[in-house]
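Here are the chains, one letter per residue:
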Amino acid sequence: MAAILRLPGGARDASEIVEALLVAAAARDTTAAALAARWRQIADDIGDALDQLPVPAGAQHD
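Residues numbered from 1 in each chain as written. Predicted model: local features only at pLDDT ≥ 70, side-chain atom pairs only at ≥ 80, totals over all residues. Heavy atoms only, no water.

Novice: Tell me about the overall build of the protein chain, residues and numbers included.
Specialist: Secondary structure summary: the protein chain contains two helices and zero strands in total. Compactness check: the protein chain gives a C-alpha radius of gyration of 14 Å against a globular reference of 11 Å for 62 residues, more than 25% above the reference. Projecting the C-alpha coordinates of the protein chain onto the three principal axes gives extents of approximately 45 × 30 × 20 Å. Approximately 5,100 Å² of the protein chain is accessible, and the part contributed by carbon and sulfur atoms is 57%. If you average the places of the 5 positive and of the 9 negative side-chain charges in the protein chain, the two averages end up 8 Å apart. (Helix = DSSP H or I, 4+ residues; strand = E, 2+ residues; numbered from the N terminus. Rg over C-alpha atoms; globule rule 2.2 N^0.38 Å. Areas by Shrake-Rupley, 256 points an atom, 1.4 Å probe, with all protein chains shown as cover. Lys, Arg positive; Asp, Glu negative; His and termini not counted. Charge placed at Lys NZ, Arg CZ, Asp CG, Glu CD.)

Novice: So what about helix H1 (residues 11–28)? Which residues, and what values?
Specialist: Between its first and last C-alpha atoms H1 spans 26 Å; for 18 residues at 1.5 Å apiece the expected length is 26 Å, and the two agree. Turning to H1, its buried residues are Ala 14, Val 18, Leu 21 and Ala 25. Take H1 and look down its axis: the buried residues cluster within an arc of 60 degrees, on one side only. What points out from H1, more than 90 degrees from its buried face, is the exposed set Arg 12, Glu 16 and Ala 27. Buried residues along H1 sit in contact with helix H2 (33–52). (Expected span 1.5 Å × (residues − 1). Buried < 20%, exposed > 50% of the residue type's maximum accessible area, 1.4 Å probe, protein only. Arc of directions from axis to C-beta. Contact = heavy atoms within 4.5 Å.)

Novice: If you had to explain the environment of Ser 15 to someone new, which residues and values would you point to?
Specialist: Within the secondary structure layout, Ser 15 lies in helix H1. Take Ser 15: its relative accessible area is 37%, and that puts it in the partly exposed class. One polar contact links the side chain of Ser 15 to the main-chain carbonyl oxygen of Arg 12, over a distance of 2.7 Å. (Polar contact = N/O pair within 3.5 Å; in protein donor to acceptor, adjacent residues only side chain to side chain.)

Novice: Describe in detail the pattern of salt bridges, supporting the description with residues and values.
Specialist: Following the criterion strictly, the structure yields one salt bridge and no others. Between Arg 40 and Asp 29 there is a salt bridge; the shortest N-O distance is 2.9 Å. On the criterion of sequence distance, the pair formed by Arg 40 in helix H2 and Asp 29 in the loop between H1 and H2 is long-range, its members being eleven residues apart. On the basis of relative accessibility, which here comes to 29%, the residue Arg 40 falls in the partly exposed class. (Salt bridge = Lys/Arg side-chain N within 4 Å of Asp/Glu carboxyl O.)

The following block contains the structure:
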């Protein structure tokens with residue numbers, strides 16, 4: 001299933017969501033391992049989608 005995610009801050013907001021999912025997953029590793037794994041998968045999927053976006057013109061590369 002695909003979803004469109006529109007965020008005012010663009011990719012920066014999406015990367016914050018990924019970070020929040022990973023932090024939440026780490027907090028639930030021992031109490032809800034299946035949920036933590038699901039959150040990590042969602043974070044990975046969002047991160048993969050962000051990696052596929054074209055680099056904006058004028059953006060600096062690392």
